[in-house]
Amino acid sequence: MRNITIAIDGYSSTGKSTIAKMVAKALGYIYVDSGAMYRAVTLYAIQNNFIDYSDFHVSDFLGELDKIKLEFRFNPGLGYSEIFLNGENVERAIRTMEVSNFVSQVAVIPEIRRRMVQLQHKMGENKAIVMDGRDIGTVVFPKAELKIFMTASPEIRAKRRFDELLSRGEKVSFDEVFRNVQERDHIDSNREDSPLIKANDAIEFDNSELSIKEQYQKVMRLVRMTIEDLE
Ligand code: CDP
């Protein structure tokens, strides 16, 4: 079967990565969570005091970018890759509210985006990849054979993320999560460099009312149709 590139973009907490992981596993493709990369860079900035309270010391931080080594390592037990920051597995540490509160401010910075996109291009050079994020179909892989743009109502997205954080033992309120989801959507959609927008040729679907199984089946149908059309 022909290998393709699958780009899944959309607003925060739309469940992109859940579906992307399942699709990658079924196809034997690499899965890359591009949001994890921006989150890991943010974690580094927090840990090294480039972000304190609400101040972000951007120019000092940019001088340190060379010290940040990101890597995805496949975890056979889980069936997908986890992100490592300078050799340490940070898969859990990057999902906290603290990181969520700053990540969109880090992701507006063009120098950081350029680096991430370079790494993403490398990972996708042999196709057979599912990557999710905000600018995958527009900037990272504008020639991806299949582009999906996922949406869901803000309330539903915040509820999903709230439940996820609670199940991990984080003490958060629904309102805090709801505000964060809306704030990130706003910053991500309005930034100058690579804003979150639907690519012209992306297939949009609202998954507010769909189960995970239904979403997965829908995406797999689109994958089959895309590959058939190319053959
Ligand atoms: O999983 P969730 O929807 O919370 O977000 P994520 O995919 O982990 O992405 C976290 C943040 O990284 C986003 O809110 C964006 O600010 C940024 N991001 C980006 O700018 N470009 C991407 N391709 C992926 C994420």
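What you are looking at is a predicted structure, and each value in this text was computed from that prediction instead of being measured.

**Q** Sorry if this is basic, but what is going on with the packing of helix α2 (residues 34-47) against helix α4 (residues 97-106) here?
**A** Two measures define how a pair of helices packs: the angle their axes make with one another and the distance between the axes. Closest axis-to-axis distance for the α2/α4 pair is 9 Å, and the angle between their directions is 105°. Classified by the angle their axes make, α2 and α4 are roughly perpendicular. Contact residues: Y38, R39, V41, T42, L43 and I46 in α2; E98, V99, S100, F102, V103 and V106 in α4. Of the residues assigned to the contact of α2 with α4, the class counts are eight nonpolar, two polar and two charged.

**Q** What's the story with the packing of α4 against helix α8 (residues 174-190) in this structure? I'm lost.
**A** Their axes nearest at 9 Å, the elements α4 and α8 cross at an angle of 20°. It follows from the interaxial angle that α4 and α8 lie roughly parallel. When you trace α4 past α8, the crossing you get is left-handed. On α8, the residues touching M97, S100, N101, V103, S104 and Q105 of α4 are E176, V177, N180, E183, R184, I187 and D188. Of the residues belonging to the contact of α4 with α8, the class tally is four nonpolar, five polar and four charged.

The rules behind these values
- Residues numbered from 1 in each chain as written.
- Predicted model: local features only at pLDDT ≥ 70, side-chain atom pairs only at ≥ 80, totals over all residues.
- Heavy atoms only, no water.
- Axes fitted to C-alpha atoms, helices over the stretch in contact; angles between N-to-C directions.
- Helix = DSSP H or I, 4+ residues; strand = E, 2+ residues; numbered from the N terminus.
- Parallel < 35°, antiparallel > 145°, perpendicular 65-115°, else oblique.
- Contact = heavy atoms within 4.5 Å.
- Nonpolar A, V, L, I, M, F, W, Y, C, P; charged D, E, K, R; others polar.
- Left-handed = near helix turned anticlockwise from the far one by under 90°.

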